Amino acid sequence: MKQRTSRPAAGRSGPNNVSVPFLDLKAMHAEIQAELDCAWRAVTSTNAYIGGSVLDRFEGEWAAYCGRRYCIGVANGTDAIELALAASGVGPGDEVIVPANTFIATVEAVIACGARPVLVDIDDRTLLVTADHIRAAVTSRTAAVIVVHLYGQPAGMDEILAFTEPRGLLVVEDAAQAHGARWHGVRAGALGDIAAFSFYPGKNLGAFGDGGAVVTDDAAVASRVRALSTHGVTGASRYHHGVVGRNSRLDALQAAVLSVKLARLGGWNAARRRASLQYGRVLAGVKDARPVANAPEAESSHHLQVVRVPRRDAVRTALADRGVETGVHYPVPCHQHEPYRAFAEGPLPVAERAASEVLSLPMSPHISAEQVMEVCSALREAVEGQVGRAS
Ligand SMILES: *Cc1c(COP(=O)(O)O)cnc(C)c1O
């Protein structure tokens, strides 16, 4: 399948002439355009925009895909984390352990539910939180741990659960980047007590706007998430407000898009995996481009293809000059943002160092083998050029 009919000659095309996009959403949507049109028409023809059968269907599909009993669609991934914590009874007076290497939303959600985040360092090879980091941060006030499957790579759940289970600590998965990822064959979303997903457009499973979901096997917690997300309605009547809730819903048009895309998720993740393996093979020959390690038990969703390079910002500019779009996830660790400085005990050296080195390379289901080669040779030149300059 050919995605592009024309593209600027490789190199020297300037930042406005993109030869390898960071994420090719256009190609994904072109593949399913007819189905999307049909799914949207089905919603507009019934005029059921909030709730209804299209939402019910997607929630059932997503619960089944994750291997969970319950799925509650919510307005975005940040709300999903907050509501998962609140519905599980986490609130004021509680501490929640969170890795410093995550999108800021993970920390915001803890504060929004009234608890105190405790930001911890990460493993130097995987850039994820480990059982050792959790052990070092636990106090008598610790109520929960949020494991973030960052970049799509599941955290080391065997050791984490071996530590948390005997202590009765709640394990919340932030699976916003890990749709379809697995640990020992078990899907992200089914690895802890409760999990939060985001359907932000750029995620592996993305809506045409904001969206999110909570999945769990616990019926009581699931019904509390539902109540909190729909104005605290607890009875059969929609005007019986048994708890103080809010409005945080996944709407039917988004659910319709997500059902169409879910049928493609396995194939799209497999295509990402092929590209990722190719990156790994080619970049093994590039000195000074250090890949983020994957645990053997982990099957990543390959949301982001992250390498660590010296003089990252200069390398990034050199790639942009060759038409290669990149990202940085994330340039500043959570505890170094002004409002969150109080939430780390001291310096978190691994997270701080990684933040200055990480570079996310183009990654999409439709990226071609030639594009991956183009990125790799541009990266090789950029890294070698920078290293040459330094010595
Ligand atoms: C995207 C993301 C979120 C937040 O999701 P939204 O839908 O944007 O609110 C939370 N955590 C991580 C790790 C994310 O990547």
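What you see is a predicted model; the values in this text were computed from it and never measured. (Residues numbered from 1 in each chain as written. Predicted model: local features only at pLDDT ≥ 70, side-chain atom pairs only at ≥ 80, totals over all residues. Heavy atoms only, no water.)

Chemist: Account for helix H9 (residues 252-283), naming residues and giving values.
Modeler: If you look at H9, its biggest bend is around 50°, right at Arg 264. Between the side-chain oxygen of the N-cap and the backbone nitrogen of Leu 253 there are 3.1 Å, and the N-cap of H9 in question is Asp 251. (Bend = angle between axes of the 7 residues up to and from the residue. Helix = DSSP H or I, 4+ residues; strand = E, 2+ residues; numbered from the N terminus. Polar contact = N/O pair within 3.5 Å; in protein donor to acceptor, adjacent residues only side chain to side chain.)

Chemist: Kindly report on the packing of aromatic side chains, identifying the contributing residues and their values.
Modeler: Considering all chains together, one arrives at 7 aromatic pairs under this definition. With a centroid separation of 6.3 Å and an interplanar angle of 15°, the aromatic rings of Phe 58 and Trp 62 are classed as stacked. Note that Phe 58 and Trp 62 are positioned in helix H3 (residues 53-66) at a spacing of 4 residues, about one turn of the helix. Between Trp 62 and Phe 197 the ring centres are 4.9 Å apart and the planes differ by 85°, which places this aromatic pair in the edge-to-face class. Taken together, the residues span a long stretch of sequence, with Trp 62 in helix H3 and Phe 197 in strand E8 (residues 194-198) at a distance of 135 residues. (Phe/Tyr/Trp six-rings, centres within 6.5 Å; stacked < 30°, edge-to-face > 60°.)

Chemist: I'd like a description of helix H4 (residues 77-87), backed by residues and values.
Modeler: Where burial is concerned, most of H4 is hidden: 9 out of the 11 residues are buried. Within H4, the full set of buried residues consists of Gly 77, Asp 79, Ala 80, Ile 81, Glu 82, Leu 83, Ala 84, Leu 85 and Ala 87. Of the residues that open H4, the one with a side-chain oxygen 3.1 Å from the backbone nitrogen of Thr 78 is Asn 76. Looking one or two residues beyond H4, the residue adopting positive phi is Gly 89, at roughly 95°. (Buried < 20%, exposed > 50% of the residue type's maximum accessible area, 1.4 Å probe, protein only.)

Chemist: With reference to specific residues and values, describe the sheet that holds strand E10 (residues 290-291).
Modeler: One open sheet accounts for 3 strands, arranged E10-E12-E13; its pairing is antiparallel. Of all strands in the sheet, those with a lone pairing partner are E10 and strand E13 (358-361), marking the two edges. The sheet contact formed by E10 and strand E12 (residues 305-308) spans 2 bridges and is antiparallel. Among the inter-strand pairings, Arg 290 is bridged to a residue of E12, identified as Arg 308. (Pairing = 2+ DSSP bridges.)

Chemist: So what's going on with the environment of Cys 66? Which residues, and what values?
Modeler: Mapped onto the secondary structure, Cys 66 falls in helix H3. We classify Cys 66 as buried; its relative accessible area is 2%. Residues Cys 66 and Gly 180, 114 residues apart in the sequence, show an inter-C-alpha distance of 7.4 Å. For Cys 66, the contacting residues outside a window of four places in its chain are Arg 187, Ala 188, Ala 190 and Phe 197. (Contact = heavy atoms within 4.5 Å.)

Chemist: Summarise the nonpolar core; cite the residues concerned and give the values.
Modeler: In terms of nonpolar packing, the biggest core is built from 68 residues, with Leu 85, Val 90, Val 96, Leu 119, Ile 146, Val 147 and Met 157 touching the most fellow members. With 6 residues, H4 is the largest single contributor of residues to this core. Residues from two domains meet in this core; each of domain 1 (26-259) and domain 2 (265-385) gives at least three. Look past the residues within four positions of Val 90 in its chain and what remains in contact with it is Leu 85, Val 96, Cys 113, Ala 115, Ala 143, Ala 144 and Leu 170. Judged by nonpolar contacts, the second largest core, of 23 residues, contains Ala 63, Tyr 65, Leu 205 and Leu 258. (Core = buried A, V, L, I, M, F, W, Y, C linked by side-chain atoms within 4.5 Å. Domains from an automatic or database assignment.)

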